[in-house]
Structure formats: C-alpha cells, structure tokens
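So the chains spell out like this:
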Amino acid sequence: MVRSRFVACTAVTICLMFLAVSASAESSKGFDCPQLADKPAPSTATEWLKRSMLAGHCYIFQARAVRISREGVRTLALSHDVRNGVVREVASYLDGPPVVYERHGKIVGSGNSSRKGINPTAPLLDAERVGQFYRLTLGGEERIAGRRSIRLDIEPLDSLRYGHRLWLDIQTGLP
C-alpha cells in the first residue's frame, strides 16, 4: 500500500554525473570504504538503507538535481568530496537567486577534530531504530539515468512523518 504521503511538497530527481571510489576512511574504526564495493548486494530493505548511508560517505560524486516545490522548479548542482577523512558537501542553485549550502565534517571520530570548524559526520544512523518509526520495503529493480537501481520505500508508521521513496544504485548504493 502506497500512501499519498509519498508525494510530499518537494520532489528531487538526481542524476549522477561522475562517480569514483574514495578509500580515505579508517578501517580501524569499523568503517572501510574500499571493501564496500566488494560486498554482495544486500537482500533486505534495512541492509540497503545501511549500504546507502555508508555509500554517501565513501564515494566522491557530482550530480544535478531538480527541486519541485510550491515555489516552483529549481535546478541544483550537488557535489560530495572526501579527502583525508573529511567530507565536503556543496549544494548550489543553478537558477534564480544564488544560494549555496556547504557542509564539512569528519567521517569518523569522537567529535574532537584537529581542524577547527570541522564537525564529525556519523557514517551510519541506527538503521534498526528507523524501523520503530517507518516500514522499509523494497520495490522492484528499475533503470534510472542508465544505471540499474532498486527502489526503497520508506513508509511512516504514524501520521506525524512523511514517507519517502528512494532509488538506490545497485552497484554503489548511492541514491
């Protein structure tokens, strides 16, 4: 059953333009990016969610997105870079008034960064805890932007949250 909550006020469509593996995470902390690509494809929705969250910290990519909202349609440029364990993400609008959002953070660490202004970024939120608030299910395989993907439906268990539908790249786990 797909509720109308899957259709929220904002819809974002992303096409990956560049993709490369980054091996800058520390395996001693239980976070090993080079081994992510070698792991077999997950079999459950929760495992796909975990892989997607890890992939978001392991890969360097650039993308273009279209944001559709009440205010209209806007085009964004997105970039994600990982260097020496520090993630840098930039989202900027390509049309309308210029707006740029930038975020820096360490992939692993306890919060004490040697560089000022760099906050730790947790590679995984507790995906099992998500199950307390959402039902995770897998949709079928599809081809999006020329790449094989699997659909992950995230349906709220109450009326206080929005549902989401993500298409995850089968090879990388990236949305």
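Residues numbered from 1 in each chain as written. Predicted model: local features only at pLDDT ≥ 70, side-chain atom pairs only at ≥ 80, totals over all residues. Heavy atoms only, no water.

A. Inspection of the packing of aromatic side chains at higher detail. Under the definition given, this model contains 0 aromatic pairs. Of note, R74 hangs over the ring of Y93, and the distance from its end group to the ring centre comes to 3.9 Å. (Phe/Tyr/Trp six-rings, centres within 6.5 Å; stacked < 30°, edge-to-face > 60°. Lys NZ or Arg CZ within 6 Å of the ring centre and 35° of its normal.)

B. Quick look at the side chain of S92. By the element assignment, S92 lies in strand β4 (residues 86-93). Residue classification places S92 among the buried residues on the basis of a relative accessible area of 17%. Beyond its immediate chain neighbours, meaning those up to four positions away, S92 contacts T75, L76, A77, V99 and V100. (Helix = DSSP H or I, 4+ residues; strand = E, 2+ residues; numbered from the N terminus. Buried < 20%, exposed > 50% of the residue type's maximum accessible area, 1.4 Å probe, protein only. Contact = heavy atoms within 4.5 Å.)

C. Spotlight on the nonpolar core. The biggest cluster of nonpolar side chains holds 12 residues, and these are A45, W48, L49, M53, V130, Y134, L136, I150, L152, I154, L168 and I170. With 8 residues, the next largest nonpolar core counts C33, L54, C58 and Y59 among its residues. (Core = buried A, V, L, I, M, F, W, Y, C linked by side-chain atoms within 4.5 Å.)

D. Broad picture of the pairing of strand β8 (residues 147-156). With 8 of 10 residues buried, β8 lies mostly within the body of the structure. Bridge count between strand β7 (residues 134-144) and β8: 9 bridges; the pairing is antiparallel. The residue of β8 that forms the bridge with L138 is L152. Between β7 and β8, which follow one another and run antiparallel, lie 2 residues, and A145 among them has a positive phi close to 50°. Pairing of β8 with strand β9 (residues 164-169), which is carried by 6 bridges, proceeds in the antiparallel orientation. Note that in β9 the partner of D153 across the bridge is R165. (Pairing = 2+ DSSP bridges.)

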